[in-house]
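Now for the letters of each chain:
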Amino acid sequence: MLDTQVTKASPSLLYMVKQVELVVRSHLDDLVRPSGITALQYTALTVLERHDGLSAAQLARDSFVTAQSIADLVRSLETRGLVRRERNPKNRRELLILLTEEGRALLAQHEGPVRELEERMVRDLTAHQTEQFRQALTTAWHALS
């Protein structure tokens, strides 16, 4: 007798990573919207918090946006007083983007809720599984970079 059940293939890892990214972005947008910024702007601010004084090209790469869209993003953050631009002393033609105290204050305001979102994402994982997940994502990122 033939088995008439159709076995569905598991979704690809690429699809699953994209699903996680989209749901994280949606929740992050909800968290930061009251501050008048987007998840992409928040991401750029967190990049500057870790590596202050980046060029626009570096910030675009590290924030996962195109070089074309980073100009509008930075202009918007600068208008809000969250970042400032100044000449690179090593290359006067280049402008560096720096986080302002207002930008740091905004990040501090969202630190707890963002940490809670991350904890919610991994709440059904053990601490060891969470670290393995972090390492697996890092390894995957390096493989494609």
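Residues numbered from 1 in each chain as written. Predicted model: local features only at pLDDT ≥ 70, side-chain atom pairs only at ≥ 80, totals over all residues. Heavy atoms only, no water.

So, on to the nonpolar core. The biggest cluster of nonpolar side chains holds 24 residues, and the ones touching the most others in it are I37, L45, L59, L77 and V83. Of all the secondary structure elements, the ones that give two or more residues to this core are helix 1 (13-32), helix 2 (39-50), helix 3 (56-63), helix 4 (67-79), strand 2 (91-99) and helix 5 (101-121). With six residues, the top contributor of residues to this core is helix 2. Those residues in contact with L45 that sit more than four places away from it in its chain are I37, L77, L82, V83, L99, L106 and L107. (Core = buried A, V, L, I, M, F, W, Y, C linked by side-chain atoms within 4.5 Å. Buried < 20%, exposed > 50% of the residue type's maximum accessible area, 1.4 Å probe, protein only. Helix = DSSP H or I, 4+ residues; strand = E, 2+ residues; numbered from the N terminus. Contact = heavy atoms within 4.5 Å.)

Moving on to the pairing of strand 1 (residues 83-88). Across a regular strand the side chains alternate sides, sitting on one face of the sheet and then on the other. Relative to strand 2, strand 1 runs antiparallel, the two sharing six bridges. Bridge assignment links R84 to a residue of strand 2, and that residue is L98. (Pairing = 2+ DSSP bridges.)

It is worth spelling out a nonpolar patch on the surface at this point. The grouping of V20, M121, L125, F133 and L137 at the surface amounts to a nonpolar patch, some 390 Å² of accessible area in total. Here M121 lies in helix 5. (Patch = residues over 30% accessible without salt bridge, like charges linked within 9 Å, V, L, I, M, F, W, Y side chains within 5 Å. Areas by Shrake-Rupley, 256 points an atom, 1.4 Å probe, with all protein chains shown as cover. Salt bridge = Lys/Arg side-chain N within 4 Å of Asp/Glu carboxyl O.)

A separate point is the side chain of S35. Here S35 lies in the loop between helix 1 and helix 2. A distance of 2.7 Å separates a polar atom in the side chain of S35 from a polar atom in the side chain of H110. Discounting chain neighbours no more than four positions away, the residues touching S35 are R80, L106, Q109 and H110. (Polar contact = N/O pair within 3.5 Å; in protein donor to acceptor, adjacent residues only side chain to side chain.)

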